Amino acid sequence: MEVTLTITKRRAVFSGLATLGAVALLAGCAAAPSTGGATSTAAVTDFTPCIVSDAGGFDDKSFNQSSFDGMTQAADALGVKFKQAESKTTDQYAGNVSSMVDQNCNFILTVGFALANTTRDAAKASPKTDFAIIDSALSNDDFSPLALDNVKPVLYDTAQAAFLAGYLAAGTTKTGTVGTFGGKQFPSVTIFMDGFADGVTYYNTQKSKTVKLVGWDKAAQTGTFADSFDDISKGKTITAGLIDQGADIILPVAGPLFQGTAQAIQDSGKDVAIVGVDSDLYETAPATKALYLTSIMKQMADATKTIVVDAANGKFSATPYIGTLENKGVDIAPLHDWESKVDPALVKEVDAIKADIISGKLTVTSPSTPK
């Protein structure tokens, strides 16, 4: 029997920037870039790839860092050097992208939804330069979808992987309450929260349980946000509040703010776990590895490497890439230290659900699902 989980039409009002992304993510997208491009790594000449971070910086242990790793791998494989511009504040975006154009970059990767308009404007002004942007498609000023021949959107259907994490969290919680919060209410953030919420709901339906999610109401599209991707103390404060509400598993969708979540958990002295995002936090932030139940991963390093190598070999395509469970663009990380704490039967159920999502038997949707 096919099971379809849908999310009701959002009623919350996003900021203009977030609304732009919600519309932009609806732009038509295609399958993963061919891995064949990544294998063609003969040394090239006269090719300079470049990368611009968002305000989280390249050491955020999250999507900026993963994208930077992919750029590094591509440059090494090609035998070229790349240039970088690390943004510390949002008002640096335009200047950083312009500086990469001025330095004659052939390919520029911009990291994060917040750089969408900056990328669009730079690409229009520099049609001979190829661009790719992580976590956003493009739109016009009136929010209508926009496609440019020299910009490749790199998108991830993270709701699929987050669904698995939500089911896992619901089956693991001891208090019967799990929590989440976001950095800013961007579609690339709320898609995690939507999938996580659906996973909890699906567990409750399948098991006749009443596990509670605090921090996000998927039907109303409202929840708790730090309004920041770099204020670690805000992440700590929000997490403390979620713990006070009984949450013993917390999903922070806020870049490096998970570090504040870890601090709050340690200060609480309670047995609380973290579900990471973007990369496997057990590998990228091992200092608090004992706290990670799992992570919802976007395989950005792999996609970045392939796209850069393709561009170097004259195979750049503006066709959007969407990472899914099926093409291994998204997934959840191993349980690592939590493997002995989680019921093996629950793990088998998660594996079966993953197979159902890949086969299409079970459909996970979000207002922010890339199409």
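That block above? That's the structure.
Note that this is a predicted model, so its numbers are computed, not measured.

(A) Expanded view of the overall build of the protein. Counting its secondary structure elements, the protein contains twelve helices and 18 strands. Considering only intrachain contacts with a sequence separation of at least 6, the fraction spanning at least 24 residues in the protein is 74%.

(B) Structural context of the side chain of Asp 135. Relative to the helices and strands, Asp 135 is located in the loop between β5 (130-134) and β6 (138-139). In this structure the side chain of Asp 135 is engaged in a polar contact, spanning 2.6 Å, whose partner is the side chain of Lys 298.

(C) Representation of the pattern of salt bridges within the structure. Following the criterion strictly, the structure yields nine salt bridges and no others. For the salt bridge of Lys 88 with Glu 86, the shortest nitrogen-to-oxygen distance reads 3.8 Å. A salt bridge links Lys 207 to Glu 349; its shortest N-O distance comes to 2.8 Å. Note that Lys 207 is positioned in helix α7 (residues 187-207) and Glu 349 in helix α12 (residues 344-359), a separation of 142 residues in sequence.

(D) Here's a closer look at the nonpolar core. In this structure, Phe 107, Phe 196 and Leu 293 are the most contacted members of the largest nonpolar core, which totals 73 residues. Contacts of Leu 293, omitting those with residues within four sequence positions, involve Leu 168, Ala 169, Thr 172, Ile 249, Ala 273, Ile 274, Val 275, Pro 334, Leu 335, Trp 338 and Val 342.

(E) Expanded view of the state of the cysteines. In this structure the tally under the stated criterion is one disulfide. Paired through a disulfide, Cys 50 and Cys 105 show a sulfur-sulfur distance of 1.8 Å. Taking the sign of the S-S torsion, -80° for the link of Cys 50 and Cys 105, the bridge is left-handed. One end of the pair, Cys 50, is in strand β2 (residues 49-52); the other, Cys 105, is in the loop between α4 (93-102) and β4 (107-111), and 55 residues separate them in sequence. Residue Cys 50 is classed as buried on the basis of its relative accessible area of 0%.

Cut-offs and rules
Residues numbered from 1 in each chain as written. Predicted model: local features only at pLDDT ≥ 70, side-chain atom pairs only at ≥ 80, totals over all residues. Heavy atoms only, no water. Helix = DSSP H or I, 4+ residues; strand = E, 2+ residues; numbered from the N terminus. Contact = heavy atoms within 4.5 Å. Polar contact = N/O pair within 3.5 Å; in protein donor to acceptor, adjacent residues only side chain to side chain. Salt bridge = Lys/Arg side-chain N within 4 Å of Asp/Glu carboxyl O. Core = buried A, V, L, I, M, F, W, Y, C linked by side-chain atoms within 4.5 Å. Buried < 20%, exposed > 50% of the residue type's maximum accessible area, 1.4 Å probe, protein only. Disulfide = S-S within 2.5 Å.

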